[in-house]
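Residue-level structure breakdown
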Amino acid sequence: QEEESSCQSFAARLLGRMTDHAGGSGRGVPAAETKPRWKSMETAEVLRALSTSEEGLSSAEAAERINVYGRNELPTAKPKTLLAQIWDQLNNTLMFILIVAGCIQLGFQDWAEAIFIFLVVTLNIVIGVIQEGKAETAARAISAMLAPSANVIRDKAKVKVEAALLVPGDIVTLSAGDLVPADLRIFFSQDLQTQEAMLTGESEPITKHAHPVEEECALAKQKSMAFSGTMVVFGQGKGVVVATGEKAEIGQISALMKEVEKSDTPLMIQLEQFGRWISIAVLIVAVVTFIVEITARGEDAGKSFGVAIGVAVAIIPEGLPAMVTVTLALAVTLMARHKAIVRKLPAVETLGCVSVICSDKTG
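This write-up is about the structure you can find in this document. (Residues numbered from 1 in each chain as written. Predicted model: local features only at pLDDT ≥ 70, side-chain atom pairs only at ≥ 80, totals over all residues. Heavy atoms only, no water.)

With that settled, the discussion passes to the overall build of the chain. Looking only at helices and strands, the chain features twelve helices and seven strands. Among the 363 residues that make up the chain, the fraction classed as buried is 38%. A sequence separation of at least 24 residues applies to 68% of the contacts in the chain between residues at least 6 apart. Here the chain has roughly 20200 Å² of accessible surface; of this, 60% comes from carbon and sulfur atoms. (Helix = DSSP H or I, 4+ residues; strand = E, 2+ residues; numbered from the N terminus. Buried < 20%, exposed > 50% of the residue type's maximum accessible area, 1.4 Å probe, protein only. Contact = heavy atoms within 4.5 Å. Areas by Shrake-Rupley, 256 points an atom, 1.4 Å probe, with all protein chains shown as cover.)

See the structure below:
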């Protein structure tokens, strides 16, 4: 309890100071939420706001701060189980129509038609699970961009530590070939240059310096900052950690990927509407057929029900969803050859609806 109380007290003091010095509201709002203007602050002001110095933190201070800020890692979603992935592929109107049609064909012992329908369903599941696995691997690749280790000054000595253990206030030294392990405010630069194409789209390395820049400037012009995941291509430098994990610029990209809204494709919407109308039509025709068989033709209820079911099955276009699924699967395979990953099978169709693509230099 004493340790927890100490951590909370430290967090309150440190975050309060960061808010006051970094342009916060002064009401104890964490600096990470008030978008601190590190790039436009003088070095001394930054160090004072982070309660650190050019000699770095002590090991005890670093251990205390990691309890406040957490590890310098991007949060990863729990991987889906195989059953969850299979359900994701089945959970759409197209698949439900196919499964119902297949079951009906089994009921009427039309083995060839039933086998064909269930083969189409299986093909859709296999392709969908494989493609989603590729997409998840691509998404996890962002985490691989983070540096595995970092050279920091701890207890007034230069040491190499696991990058995940970096905290705001740590002093990091950079040299050519290093991956920047966290977002840094540079306070010393000797011809320091970093490659930031992954964030800004700029193909040329950016020269870094220790001087403040304008508060309202684009990411590519923040020359007093070095960003997590970028690479040092020339020179040497030192910087103080100002953001780690998901609070860093690369972490915000990861967060944006998780916030993508899910929506049905135009084809799925049309098929769902078609499925509803077909269901209503089939129900009406089946009921009318059943009544006519009993009243007009005098057939018994069992035979009349069989005739009604037969008419209903004849109306259901079970070949339509099967052909749509096969077509989409072929399109996904074709795009995979061109190194384009399609996570959901129906998403292929939306490409045919695209008229304008808006993109910046990062693609």
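Here we take up helix α10 (residues 301–315). Here α10 is 15 residues long and its end C-alpha atoms lie 21 Å apart, about the 21 Å a rise of 1.5 Å per residue gives. Taken together, the buried positions of α10 are occupied by Ser304, Ala308, Ala312 and Val313. (Expected span 1.5 Å × (residues − 1).)

Here we take up the pairing of strand β7 (residues 231–243). Side chains on a regular strand alternate between the two faces of the sheet. Inspection of the sheet shows strand β3 (residues 171–175) paired to β7 by five bridges, in the antiparallel sense. From the neighbouring strand, Ser175 faces β7, where its bridge partner is Gln236. Here strand β4 (residues 183–195) pairs with β7 via ten bridges, running antiparallel. Bridged to Ser189 within β7 is Gly237. (Pairing = 2+ DSSP bridges.)

Moving on to helix α4 (residues 82–90). When we look at burial in α4, the residues that qualify are Gln85, Gln89 and Leu90. Along the axis of α4, the buried positions cluster into a sector of 140°, meaning they face one direction only. (Arc of directions from axis to C-beta.)

Along the chain, Arg65 turns up in helix α3 (residues 59–69). No salt bridge is formed by the buried Arg65. Its closest oppositely charged neighbour is Glu61, at 5.0 Å. A polar atom in the side chain of Arg65 sits 2.9 Å from the backbone oxygen of Leu50. Of the polar contacts made by the side chain of Arg65, one reaches the backbone oxygen of Pro168; its length is 2.8 Å. (Lys, Arg positive; Asp, Glu negative; His and termini not counted. Salt bridge = Lys/Arg side-chain N within 4 Å of Asp/Glu carboxyl O. Polar contact = N/O pair within 3.5 Å; in protein donor to acceptor, adjacent residues only side chain to side chain.)

With respect to the secondary-structure elements, Glu54 resides in the loop between α2 (43–49) and α3. Residue classification places Glu54 among the partly exposed positions, given a relative accessible area of 46%.

Overall, the coordinates contain six salt bridges when judged by the stated rule. Note that Lys208 and Glu196 form a salt bridge whose closest N and O atoms lie 2.5 Å from each other. Residue Lys208 is located in the loop between β5 (206–207) and β6 (225–226), and its partner Glu196 is located in the loop between β4 and α7 (197–200); the two are separated by twelve residues in the primary sequence. Judged by its relative accessible area of 2%, Lys208 falls in the buried class.

Phi is positive for Lys156, close to 65°, though the residue is something other than glycine. Inspection of the secondary structure puts Lys156 in the loop between β1 (149–154) and β2 (157–162). On the accessibility criterion, Lys156 (66% relative accessible area) is exposed.

Turning our eyes to something else, we now look at the packing of helix α9 (residues 266–295) against α10. Relative orientation of the contacting elements α9 and α10 amounts to 150°, with a least axis distance of 8 Å. Taken together, the axes of α9 and α10 are roughly antiparallel relative to one another. Considering the relative orientation of α9 and α10, their crossing is right-handed. Listed contacts from α10 to Val282, Val285, Ala286, Thr289, Phe290, Glu293 and Ile294 of α9 are Ala301, Ser304, Phe305, Val307, Ala308, Val311, Ala312 and Ile315. Partitioning the contact of α9 with α10 into residue classes produces twelve nonpolar, two polar and one charged. (Axes fitted to C-alpha atoms, helices over the stretch in contact; angles between N-to-C directions. Parallel < 35°, antiparallel > 145°, perpendicular 65-115°, else oblique. Left-handed = near helix turned anticlockwise from the far one by under 90°. Nonpolar A, V, L, I, M, F, W, Y, C, P; charged D, E, K, R; others polar.)

Moving on to a nonpolar patch on the surface. Taken together, the side chains of Trp277, Ile280, Ile284, Val288 and Val292 make up a nonpolar region of the molecular surface, amounting to roughly 520 Å² of accessible area. Relative to the elements of secondary structure, Val288 occurs in helix α9. (Patch = residues over 30% accessible without salt bridge, like charges linked within 9 Å, V, L, I, M, F, W, Y side chains within 5 Å.)

For β1, the tally of buried residues reaches five of six residues, placing the bulk of the element in the interior. In this sheet, β2 lies alongside β1 in antiparallel orientation, the contact comprising six bridges. Bridging from a neighbouring strand, Ile153 pairs with Lys158 of β2. Inspection of the sheet shows β1 paired to β3 by three bridges, in the antiparallel sense.

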